[in-house]
Structure formats: structure tokens, C-alpha cells
Amino acid sequence: MHSRSGSTPEDEFRTVELERVTIVAESVLESRLIALVRELGARGWTLTEVRGEGSRGVRASEWEGNVKIETLVPKAVADRLLASLARDYFPHYAVVAYADRVRVVRGEKYS
Amino acid sequence: MDSLELLRLNLTSPMVLGFALGVFAALVKGDLKLPDAVHSAIGAYLLFAIGLKGGAELSKTTIDTILLPTTATLLVGTAIPILCYAVLRRLGKFGISDAAAIAAHYGSVSIVTFTAAGVYLDAQHTTYEGYMSALVAFLEVPGILVAILIARVASKGGASIRESLHEVLTGRSNLLLVGGVLIGLLAGAEGVKPVAPFFVDPFRGALTLFLIDMGLIAAGRLRDLKRVGGFLVGFAIVAPMINGALGAAIGTAAGLSLGGATIFATMVASASYIAAPVAVRIALPDANPAFYLTSSLAITFPFNLTVGIPLYHAFAKWIHS
């Protein structure tokens with residue numbers, strides 16, 4: 001999908017449609033989830049320390065909190081990532097994962 | 001001073017009262033929580049300072065002196081998780097993962113409880129071997145590994161030992177503690193002197209502040225008390241007493257002084273709640289954290305801090321006389 005081009009050169013506004021996968025998980029999983037994200041083909045990720053409450057009240061070490069990992073990936077990678085999370089992490093860990101479609105500037109960097 | 005008087009002194013120490021303040025704040029839903037980053041930073045400070053002090057003392061000690069206490073440490077570090085696992089499985093009817101996860105916590109050590117025992121002895125001018133904090137470093141890891149190994153053997157598969165080993169050895173608490181010991185050892189007692197105003201003198205104050213936050217966290221866990229059941233609540237009080245008595249006897253047999261045997265008993269009686277939960281969460285994901293966190297953090301830790309330490313001191317006195 002291409003955005004409208006105004007007076008600015010079209011290159012700067014060209015957007016590509018990608019999926020943003022967001023994973024919120026207990027922080028003991030941080031290094032594992034990052035490794036997984038990279039392994040399944042994401043070029044990068046952003047991590048934030050977050051707080052919240054969900055169906056699993058219990059944390060391994062609750063004073064260490066949760067992390068939120070976001071990554072911009074093509075749809076195929078997003079699907080693999082969600083499938084992998086569902087298989088390996090959902091049964092035992094507090095993990096929330098979702099994907100939404102986003103328009104990304106300089107999107108070619110991510111696929 | 002008799003044991004009851006010592007108990008009273010312990011209960012009115014700033015440390016224990018600070019912990020009580022944290023518990024109180026949690027019960028009245030007061031606003032007392034330290035920011036997470038501050039909690040982590042003080043935790044890191046305490047671990048590193050303990051290591052540094054122990055390492056500096058270790059530099060003045062010969063191998064012969066610490067050989068027997070070190071062997072004793074590794075021995076109890078291996079024996080206690082096996083004993084706990086057997087009791088939890090047979091008498092407590094826990095599943096393999098839950099029993100192993102709880103055993104890992106009781107096999108490992110609580111650094112804060114260990115430190116509190118040192119402060120308790122200092123307050124009554126009882127001396128103890130300065131290298132005890134090097135022994136703590138030896139006790140932290142085996143208990144966790146043995147318990148994870150038991151689960152692996154019992155369930156024929158599951159957690160990878162290599163991954164767990166990596167998790168425990170490169171975990172923050174182990175790196176800070178062992179790193180502190182090595183730095184103290186290399187720098188020597190003289191070398192540590194310039195940093196002592198930061199790492200030694202304010203130590204007890206920092207510990208007291210940390211305990212306020214620990215009170216808050218421990219009390220937060222009390223909500224799971226009903227879920228863990230009567231057996232585990234009993235276990236979380238009886239197991240430390242038995243382990244403490246065992247520790248006092250073995251520590252004395254290994255040639256430790258009265259103070260040293262008291263600390264050794266406290267180490268053995270304590271249950272980890274920093275290193276073990278993280279390692280266990282990764283290695284035994286199907287174990288229920290409500291069991292191991294509630295028992296080690298909400299029951300055993302406050303028990304040891306208030307009644308346990310004076311009790312182990314009394315055990316050690318009795319065995320020494």
C-alpha cells in the first residue's frame with residue numbers, strides 16, 4: 001500500500017503494510033523470547049518493562065515484573081511466531097500475544 | 001543472656017521491625033513500595049557487599065581451614081533437596097515438578113536470612129568465621145541443580161540440565177555474589193579497605209531498608225496461603241527447624257565456632273526466593289509458583305528472620321556445650 005505523496009518526495013512517505021506482534025510476558029522469559037523472535041525471522045524488536053494484571057495472578061518473581069516485546073514482521077513471520085508461542089509458552093507461562101496490521105514507513109527494512 | 005532474651009532482642013531489632021513495617025503496610029494497603037529499580041539496586045548492593053566481605057576474609061584464610069566447612073556445605077546442599085523432595089512426595093503427595101521445585105528452594109539459600117544471622121550475632125558480640133559468605137556462594141547453586149536433576153530423572157525428561165546450569169550460574173545473584181567473593185579475594189583485606197565506607201559500613205542500613213520492601217512482598221504472597229494447603233504451611237516451618245538442627249550439628253562437626261555454626265545452621269535452614277524461583281520457573285515450568293513462592297517467601301523467610309535465627313543459635317549453643 002502506498003500513501004499519498006504531497007510536496008515531499010514520495011520515498012519518505014511510502015509505507016508498507018506489516019504486522020506488529022506484541023508479546024507481554026513474565027520477565028524471566030525475556031532472553032528466550034528475544035531469541036525466538038530473532039530466530040523466526042524478525043529483524044529487530046523493542047522491549048519495554050511493563051506492569052499489569054491478567055488471568056494468571058502469579059509470577060515467578062513478581063517484583064521483577066513483566067516485559068512487552070514488539071516487533072514488526074511480514075505476516076508469515078507473525079503467524080509462525082504466534083504459533084510457536086501458543087505451542088511452547090502458553091501452557092505454563094503468563095504470556096499474552098497479539099498481532100495487528102500496521103503501515104510502516106521504510107517498511108522494506110523489516111521484511 | 002538466655003535464649004528468650006536473645007529472641008526479644010532480635011524481635012526488636014530495626015531489621016525485624018522494618019520487615020514488620022512492610023507487612024503492616026501491605027495489610028493496610030498502604031503506599032510504601034520502593035520502585036522496582038531501587039529494590040533491584042539495593043539487592044545487587046547487598047549481594048556484592050556480602051561477596052566482597054567474604055572474599056576479603058577468605059584471602060586471610062588457608063585452604064586447610066576452609067576445606068572441611070566447604071565439604072560440609074556441598075554435602076548439605078546436596079542432601080537437603082533430596083530429603084525435602086522425599087518428604088514432599090511421600091507425605092505431602094505433591095507431584096514430581098511441584099515437589100522438586102519446592103525442594104530446590106529449600107536446598108538453596110536465602111542471602112537476606114544469612115545476612116540477618118550475621119547482624120544478629122554482631123549485635124551480641126558473638127564472633128564468627130568471616131569466610132561464611134564464601135560458603136553461601138557454594139550453597140546457593142547445588143540445591144537448585146540437585147532438585148532439577150531429581151525432577152528430570154523422576155519424570156524421565158523435561159528440563160535441560162545445561163540450560164538450568166546456565167540459568168543459575170549466570171543469574172544476577174550468583175554473578176554478584178561469586179564476583180564479589182573473587183574481587184574480595186584478589187584485592188585482599190587491605191585492598192578492600194578503600195571501598196569499605198560504601199560496601200561495609202552502610203550495609204546494615206541498606207539491609208533494613210530492603211527488609212521493609214521484603215515485608216511488603218512477603219505479605220503480598222499471603223493471599224495464596226489458602227491455596228497452598230495445611231501440609232505445605234507446616235512444612236515451611238518444620239523443615240527449616242530440622243534443617244537448622246542438622247546444620248548446627250554438621251557445622252559444629254566441621255569445626256566451626258559457635259557463631260559460625262549458628263550462621264551455617266541459618267544458611268541450611270533458609271529457603272531461596274531470588275535465585276531459585278527464576279531457575280525453577282524456566283526448568284520446571286509446570287510447577288505451580290504459588291507453592292514454592294508462598295512457602296519460601298511468605299512463611300519460611302519471616303519465620304527464620306524472627307524466631308528461626310535465635311532458635312538455631314540455641315541449637316548451636318547446645319551442641320557446642
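Caption draft 1: Highlighting the overall build of chain B. For chain B, the helix and strand inventory stands at 15 helices and zero strands. A compact globule built from 321 residues would reach a C-alpha radius of gyration of about 20 Å, and chain B, at 18 Å, matches this within 12%. Seen through its principal axes, chain B has C-alpha atoms that stretch 50 × 45 × 40 Å. Here the analysis covers contacts within chain B between residues at least 6 apart in sequence; of these, 87% occur between residues at least 24 apart.

Caption draft 2: Representation of the sheet that holds strand β1 (residues 15-26) of chain A. All names here are of chain A. Strand order in the open sheet made by the four strands is β2-β3-β1-β4, with antiparallel pairing throughout. Every interior strand has two partners, whereas the edge strands, β2 (46-50) and β4 (95-105), have only one. On average, adjacent strands in this sheet sit at an angle of 20° to one another, irrespective of strand direction. Relative to β4, β1 runs antiparallel, the two being bridged by 11 bridges. Paired with Thr 22 across the bridge in β4 is Tyr 98. Strands in contact with helix α3 (residues 75-88) are β1, β3 (66-73) and β4; relative to β1, the strand with the most contacts, it is inclined by about 15°.

Caption draft 3: Structural context of the packing of helix α6 (residues 111-123) of chain B against helix α13 (residues 258-269) of chain B. All names here are of chain B. Interhelical geometry of α6 versus α13 gives an angle of 155° and a closest axis separation of 9 Å. Comparing their axes, α13 and α6 come out roughly antiparallel. For α6 against α13, the interelement crossing comes out right-handed. Contact residues: Thr 113, Phe 114, Ala 117, Gly 118 and Leu 121 in α6; Gly 259, Thr 262, Ile 263, Thr 266 and Met 267 in α13. A breakdown of the residues in the contact of α6 with α13 according to their chemical character gives five nonpolar, five polar and no charged.

Caption draft 4: The arrangement of the nonpolar core in detail. Formed by 132 residues in total, the largest nonpolar core has its most connected members in Ala100(B), Ala103(B), Val136(B), Ile144(B), Ala147(B) and Ile148(B). Counting residues per element, this core draws most heavily on helix α7 (residues 132-155) of chain B, at 16 residues.

Caption draft 5: α13(B), seen in detail. Residue and element names in this part refer to chain B. For α13, with 12 residues, the first-to-last C-alpha span of 16 Å sits near the 16 Å given by 1.5 Å per residue. With 11 of 12 residues buried, α13 is to be regarded as a mostly interior element. Those residues of α13 that fall on the buried side of the exposure criterion are Gly 259, Gly 260, Ala 261, Thr 262, Ile 263, Phe 264, Ala 265, Thr 266, Met 267, Val 268 and Ala 269. Lining the buried residues of α13 we find α4 (63-90), α6, α7, α12 (225-253) and α15 (289-320).

Calculation criteria
- Residues numbered from 1 in each chain as written.
- Chains lettered and ligands numbered in written order.
- Predicted model: local features only at pLDDT ≥ 70, side-chain atom pairs only at ≥ 80, totals over all residues.
- Helix = DSSP H or I, 4+ residues; strand = E, 2+ residues; numbered from the N terminus.
- Rg over C-alpha atoms; globule rule 2.2 N^0.38 Å.
- Contact = placed C-beta atoms within 7 Å.
- Pairing = 2+ DSSP bridges.
- Axes fitted to C-alpha atoms, helices over the stretch in contact; angles between N-to-C directions.
- Parallel < 35°, antiparallel > 145°, perpendicular 65-115°, else oblique.
- Left-handed = near helix turned anticlockwise from the far one by under 90°.
- Nonpolar A, V, L, I, M, F, W, Y, C, P; charged D, E, K, R; others polar.
- Core = buried A, V, L, I, M, F, W, Y, C linked by C-beta atoms within 7 Å.
- Buried ≥ 20, exposed ≤ 12 C-beta atoms within 10 Å, placed from the backbone.
- Expected span 1.5 Å × (residues − 1).

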